[in-house]
Structure formats: structure tokens, C-alpha cells
Amino acid sequence: MKKTIFSFCMTLFMAVLMTGCSSDDDEIFGTGLTGKWDLVEVQNGPAGFCKDGYTNHYPSGTVIIELKGNGKIVFNYEDGKVETLDYSIPEDQEKYGSTLPVMNIDEVPFGYAIEGNSLKLHYYGFYFCDHIPATFVFKRTK
């Protein structure tokens, strides 16, 4: 399953060439993690070549995730591919040393923050090169 998350991350990083802008909408459609989220940007990560503050924007619909209340997360990619994984909120949060709450997608940890209609997933998993770990920014959809 870690390979699946790695594949997801690599798919996003490979999409670096497909930049675009999305419109901002300040309307909030719900609260909490459950719901549909549209990828709008990836901050930092290996695609940024170790530069802090690097941001890659994505057109709406590139990756839509749906976090369901039953512990499932569904990835819907623009090419029609659909992937369903498990997610959980571990009870032993202190082991991650994070100021943010942590969720595991499969077994890969992400710190998460919800601010208005935005969800930020900060990658806390293992990586092999010298770079600032990626932060995936999603916008809540209806």
C-alpha cells in the first residue's frame, strides 16, 4: 500500500508540467475532514528542487479526493482512474512530534490542517532525497 501512496505522490510530481490556476471561492461547504476535496496546489517537495516556497498549481479536477466517514479515501484522477484506500486518525498522535493532528493514508502519515474551505496535507512519510516534504493543498467542493 505504501507503493500506492508513493505512486500517487509521484503522479502529482510528474504533473509539474501541467500547471494551471484555479479560481478562489471563499464559501465553506462543510466542516471536518469528510467530504470532497479538489487538489489546487502542491507546495515544496522534490519538484521544487529544494527551494522553500515552491508552489505548483493544478487545474480543477486534476485529482479529487473524497474522505468518507467509514475510513475510506477515494482518489479520482482526471484520466478516469479511481483508487480507494484506507485512512485513519491514529490514537498515539504524540509519536509523530507534530503540532498538527496526523492522519494515515494507508500507513503513510500526513499532518493535516483545515482552514475555511482548504485542506492541507503535509507529507510526514519517509523520503530519499534532500528536500522540503510536500504539502498538498485541496479546496472543498460541493
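Here the structure is shown first, and the text comes after it.
First things first, this report covers the structure right here in the doc. Keep in mind the model is a prediction, meaning the values are calculated, not measured.

Moving on, we get to the environment of Asn56. Tracing the sequence through the fold places Asn56 in strand β2 (residues 55-57). Asn56 sits in the buried class, given a relative accessible area of 3%. Of the polar contacts made by the side chain of Asn56, one reaches the side chain of Tyr58; its length is 2.9 Å.

Applying the stated criterion to the full structure yields 2 salt bridges. Asp92 is the salt-bridge partner of Lys95, the closest N and O atoms lying 3.7 Å from each other.

A few words now on the environment of Gln93. Tracing the chain through its elements places Gln93 in the loop between β5 (82-88) and β6 (102-105). With a relative accessible area of 21%, Gln93 lands in the partly exposed category. Ignoring any residue separated from it by four or fewer positions in sequence, one finds Gln93 in contact with Leu100, Pro101 and Val102.

Okay, the side chain of Gln43 next. Within the secondary structure layout, Gln43 lies in strand β1 (residues 35-43). Here Glu41 takes part through its side chain, which lies 2.7 Å from a polar atom of the side chain of Gln43. Residues within four places of Gln43 in sequence aside, it is in contact with Tyr54, Thr55, Lys120, Pro133, Ala134, Thr135 and Val137.

What counts and what doesn't
Residues numbered from 1 in each chain as written. Predicted model: local features only at pLDDT ≥ 70, side-chain atom pairs only at ≥ 80, totals over all residues. Heavy atoms only, no water. Helix = DSSP H or I, 4+ residues; strand = E, 2+ residues; numbered from the N terminus. Buried < 20%, exposed > 50% of the residue type's maximum accessible area, 1.4 Å probe, protein only. Polar contact = N/O pair within 3.5 Å; in protein donor to acceptor, adjacent residues only side chain to side chain. Salt bridge = Lys/Arg side-chain N within 4 Å of Asp/Glu carboxyl O. Contact = heavy atoms within 4.5 Å.

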